[in-house]
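Summary of structural features
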Amino acid sequence: MKKYKITHLISADFEATALVNEDEIDTNLNDLKEYKKPDSKFNFTMIKGTESITRTYYEEHGENINDSTKKRIINK
């Protein structure tokens with residue numbers, strides 16, 4: 001019996017939070033320094049209800065995953 005891998009590409013809103021010491025940012029100048037953009041230092045939580053599927057495709061499981069000719073897009 002064949003197996004298929006189903007992949008959904010999803011767009012959603014996330015909350016990114018980080019706890020920092022006062023010497024890591026400048027509150028007088030509103031300078032977040034190394035925390036201006038969220039990265040691995042932050043914890044991410046998806047906001048429930050904001051997700052939407054932007055694309056879905058499926059492919060036979062076990063095939064070369066780099067062979068994009070085998071993918072069947074079913075939703076754009």
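Further up the page is the structure itself.
For the structure given in this document, a descriptive report is provided here. What you see as residue numbers is a count from 1 along each chain, following the sequence as written. With the structure being a predicted model, the display of local features is reserved for residues of pLDDT at least 70 and the display and counting of side-chain atom pairs for 80 or more, all residues being used for whole-chain, interface and lining totals. Side-chain descriptors were evaluated using all non-hydrogen atoms of the structure, hydrogens and water having been removed beforehand.

1. A short note on the overall build of the protein
For clarity, the cut-off: Each helix corresponds to a stretch of at least 4 residues labelled H or I by DSSP, and each strand to a stretch of at least 2 residues labelled E; elements are numbered beginning at the N terminus. For the exposure calls, accessible area comes from a 1.4 Å probe over protein chains only, and a residue counts as buried if that area is under 20% of its type's maximum, exposed if over 50%, partly exposed in between. Pairs of residues are marked as contacts when any of their non-hydrogen atoms sit within 4.5 Å.
Scanning the protein from N- to C-terminus turns up 0 helices and 5 strands. Each helix and strand of the protein, placed in order from N terminus to C terminus, yields the pattern β-β-β-β-β. With 76 residues in all, the protein has 9% of them scored as buried. Relative to all contacts within the protein whose residues are 6 or more apart in sequence, the contacts with residues 24 or more apart total 60%.

2. Points about a nonpolar patch on the surface
Heads up, the condition is: Patches were defined on residues exceeding 30% relative accessible area and lacking a salt bridge, with like-charge contacts within 9 Å and nonpolar side-chain contacts (Val, Leu, Ile, Met, Phe, Trp, Tyr) within 5 Å. The Shrake-Rupley method, run with a 1.4 Å probe sphere, supplies the accessible areas, and residue values consider only the shown protein chains as cover. Within this document, salt bridges are pairs made up of a side-chain nitrogen of Lys or Arg and a carboxyl oxygen of Asp or Glu, the two lying within 4 Å of each other.
Together, Phe14, Phe44 and Met46 give the surface a local cluster of nonpolar side chains, amounting to about 320 Å² of exposed area. Secondary-structure assignment places methionine 46 in strand β3 (residues 43-46).

3. Regarding the environment of lysine 36
Tracing the sequence through the fold places lysine 36 in the loop between β2 (14-17) and β3. Owing to a relative accessible area of 57%, lysine 36 belongs among the exposed residues under this scheme. Sequence separation between lysine 36 and isoleucine 25 is 11 residues, and the spatial gap between their C-alpha atoms is 9.7 Å.

4. A word on the side chain of threonine 56
Selection criterion: By the criterion applied in these results, polar contacts are pairs of N or O atoms within 3.5 Å in which, for protein atoms, one can donate a hydrogen and the other can accept it, and in which residues neighboring in sequence qualify only through two side-chain atoms.
If you trace the backbone, threonine 56 turns up in strand β4 (residues 52-60). Of note is the side chain of threonine 56, whose polar atom sits 2.8 Å from the side chain of histidine 8.

5. Here we look at the pattern of salt bridges
What the rule picks out here adds up to 5 salt bridges. Residue lysine 36 is joined to aspartate 31 by a salt bridge in which the shortest nitrogen-to-oxygen separation is 3.5 Å. Its salt-bridge partner being glutamate 34, residue lysine 41 comes within 3.1 Å of it at the nearest N-O pair. For glutamate 34, a relative accessible area of 58% puts it in the exposed group. Connected through salt bridges with shared partners, the residues Glu34, Asp39 and Lys41 form a single ionic network.

6. Remarks on unusual backbone geometry
At asparagine 30, a position not held by glycine, the phi torsion is positive, near 55 degrees. Secondary-structure assignment places asparagine 30 in the loop between β2 and β3. For lysine 33, which is not glycine, the phi torsion reads 50 degrees and is therefore positive. Relative to the elements of secondary structure, lysine 33 occurs in the loop between β2 and β3.

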